[in-house]
Amino acid sequence: MSVRGVCEEFCPQSEAKLRIREKLLHFYEYNNGQKSVPGILVKSFARSAAGLRVPKGKDLRTIECLHKTTEYLLKEVVLDKRKPFCYVYDFIFDRLRAIRQEVVIQNFADMHVIKLLEPMIMFLAFSRYKLCEETTGNFDEKICEFHLQECLKRALVSYDNIVCNSMTEAEMKNRAYIEALYQIFNLGSTEALSRCALVPREIKSNAVFALAFKICLSYFQGNLYRVLTGLQNLPHVLCAIGSLKLQMLRKKLLEMFSCAYNSKFLVPANFVLSLTVHASKEELFKDCEYFKVNVASDNKHLHFQKIYFRHELPVLKSKHEQFVDIKLERIYLPEILLLKKL
């Protein structure tokens, strides 16, 4: 039988006393950033060592407290502007990981697991885009993606264990969004696409999920135009995570053009620009130069030649996209991360 937490504080007293005494508080755990005055402490993540006893109930938080902790992190801390977002991310990532650890230890029911994991998935997806231009020293995208994938797969398992009729309309809408995010995040994966055939009818009929499925299916069919068009029509965070695939898609598109237009004829740059979704011709030309696609002297046309295209070059690093940033500027982040408004 799993142990049940009884602690109603964000951080159990035993850990709080230890970290205050050893001066191990994070910047966001001091009162207004003052190094001498403890503020709101949140339980930090600690790896479970082999052979240790099962944690006591007083050192584990109740399900209600875990929800309140998640809400505090994604409502209060996430909007703190005193430090760069990579600093905010590190703190929230660690504290959410501690919550996930307690979810495993206490073996909660599937619906509880879902309600705790969904905001974590949204936070990790948003952060993956928000910090995509950061250096590896400030943000490790591979670790973020690993944990995002882990959370997604755990949520999918819990979804499959719950009868749809027992879920409210809002819960079904949230599930459809997370299912869609799983599809877009795993664009090109046959395993992810095959799941679309297994999801309930209520999920398939959701407009957001249907669009995500169409995008993924179009990718397998080689229709990059539909993929690129579809990605632009996705909502906020889903659009952000989808935009991380753009550099891979752009390379594929330029490769296709190098074969299709392998001649002396010039291709209008504006036509290519409408497909690649670059913010400007200058950005397009920069990518073309990287892959050795010649820009005509009039700066209005491109000359594609198969023999010169640099197929062996790696895909360019993901970056912030203008059409995504416009969507993200219009949202109130805590509402989206906590799935209050999708």
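Here, every reference points to the structure presented above.
Residues numbered from 1 in each chain as written. Predicted model: local features only at pLDDT ≥ 70, side-chain atom pairs only at ≥ 80, totals over all residues. Heavy atoms only, no water.

Remarks on the overall build of the protein chain
The condition that has to hold: Numbering of helices and strands runs from the N terminus, with a helix taken as a DSSP run of H or I at least four residues long and a strand as a DSSP run of E at least two residues long. For every residue, the accessible area obtained with a 1.4 Å probe (protein chains only) is divided by the maximum for its type, and the residue is called buried under 20%, exposed over 50%, and partly exposed between those limits. Whether two residues are in contact is decided by their heavy atoms, any of which lying within 4.5 Å being enough. Values of accessible area rely on a 1.4 Å probe in the Shrake-Rupley scheme; residue burial ignores everything except the protein chains shown. Two residue types count as positive, namely Lys and Arg, and two as negative, namely Asp and Glu; His and chain ends fall outside the count. Here the site of a charge means atom NZ of a Lys, CZ of an Arg, CG of an Asp or CD of a Glu.
If you tally the helices and strands in the protein chain, you get 16 helices and three strands. When its C-alpha atoms are laid out on the principal axes, the protein chain stretches across 75 × 50 × 40 Å. The proportion of buried residues among the 342 residues of the protein chain is 49%. A fraction of 73% describes how many contacts in the protein chain between residues 6 or more apart in sequence connect residues 24 or more apart. Surface accessibility of the protein chain: about 17500 Å² in total, with carbon and sulfur atoms responsible for 53%. Positive and negative charge centroids in the protein chain, built from 50 and 38 side chains respectively, lie 2 Å apart.

So, the packing of helix α3 (residues 85-106) against helix α5 (residues 141-160)
Selection rule: Axis lines are fitted to C-alpha atoms, over the contacting stretch for helices. Their N-to-C directions set the angle, which ranges from 0 to 180 degrees. Put simply, a crossing is left-handed when the front helix is turned counterclockwise from the back one by less than a right angle, and right-handed when it is turned clockwise. Ten residues, namely Ala, Val, Leu, Ile, Met, Phe, Trp, Tyr, Cys and Pro, are considered nonpolar, four, namely Asp, Glu, Lys and Arg, are considered charged, and the remaining ones, Gly among them, are considered polar.
Where α3 meets α5, the closest approach of the two axes is 13 Å, and the angle between their N-to-C directions is 35 degrees. Here α3 runs over α5; the crossing is left-handed. Together, Y89, F93, R97 and R100 of α3 and I143, C144, H147, E150 and C151 of α5 make up the contact between the two elements. Looking at the contact of α3 with α5 residue by residue, the class counts come to five nonpolar, one polar and three charged.

Points about the nonpolar core
Heads up, the condition is: We define the nonpolar core as a collection of buried residues of types Ala, Val, Leu, Ile, Met, Phe, Trp, Tyr and Cys that are connected through side-chain atoms lying within 4.5 Å of one another.
Ranked by internal contacts, the top residues of the largest apolar core, which has 107 residues, are I92, F123 and L181. Sorting elements by how many residues they give to this core places helix α4 (residues 110-130) first, with twelve residues. Once residues within four sequence positions are removed from consideration, I92 is found in contact with L73, L74, V77, V78 and F123. Core analysis: the next-biggest nonpolar cluster, separate from the first, contains five residues, C11, A16, Y30 and L41 among them.

Topic: the packing of aromatic side chains
Any pair of aromatic rings gets described here by the distance separating the centres and the angle formed by the planes. Inclusion rule: Each Phe, Tyr or Trp ring, with Trp reduced to its six-membered ring, pairs with another whose centre is within 6.5 Å; inter-plane angles below 30 degrees give stacked pairs, above 60 give edge-to-face pairs, and intermediate values give tilted ones.
In this structure the tally under the stated criterion is 14 aromatic pairs. Here the aromatic rings of F27 and Y87 are separated by 6.2 Å at their centres, their planes lie at 75 degrees, and the arrangement is edge-to-face. Here the residue F27 occupies a position in the loop between α1 (13-21) and α2 (63-75), and Y87 occupies one in helix α3, the gap between them amounting to 60 residues. Given a relative accessible area of 32%, Y87 falls into the partly exposed group.

As for helix α11 (residues 236-243)
The buried fraction of α11 is high, at eight of eight residues. For α11, every residue scored as buried is listed here: H236, V237, L238, C239, A240, I241, G242 and S243.

Quick word on unusual backbone geometry
Positive phi is not limited to glycine here, since N107 has a value of about 50 degrees. Tracing the backbone through its elements, the reader meets N107 in the loop between α3 and α4. Positive phi values are uncommon outside glycine, yet N299 reaches one of about 60 degrees. Checked against the element boundaries, N299 lands in the loop between β2 (294-295) and β3 (301-303). The partly exposed category is assigned to N299, whose relative accessible area is 44%.

Some points on the sheet that holds β3
How we decide: DSSP-based pairing: two strands are paired if at least 2 bridges between them are found.
The strand order across the open sheet formed by three strands is β1-β3-β2, and the pairing between neighbours is antiparallel. Across the chains shown, the open sheet's two edge strands, defined by having one partner strand only, are β1 (267-268) and β2.

What to know about the environment of R154
Checked against the element boundaries, R154 lands in helix α5. Separated by 179 residues in sequence, R154 and L333 place their C-alpha atoms 24 Å apart. Every residue in contact with R154, bar those within four places of it in the chain, is listed here: D110, V113 and L117.

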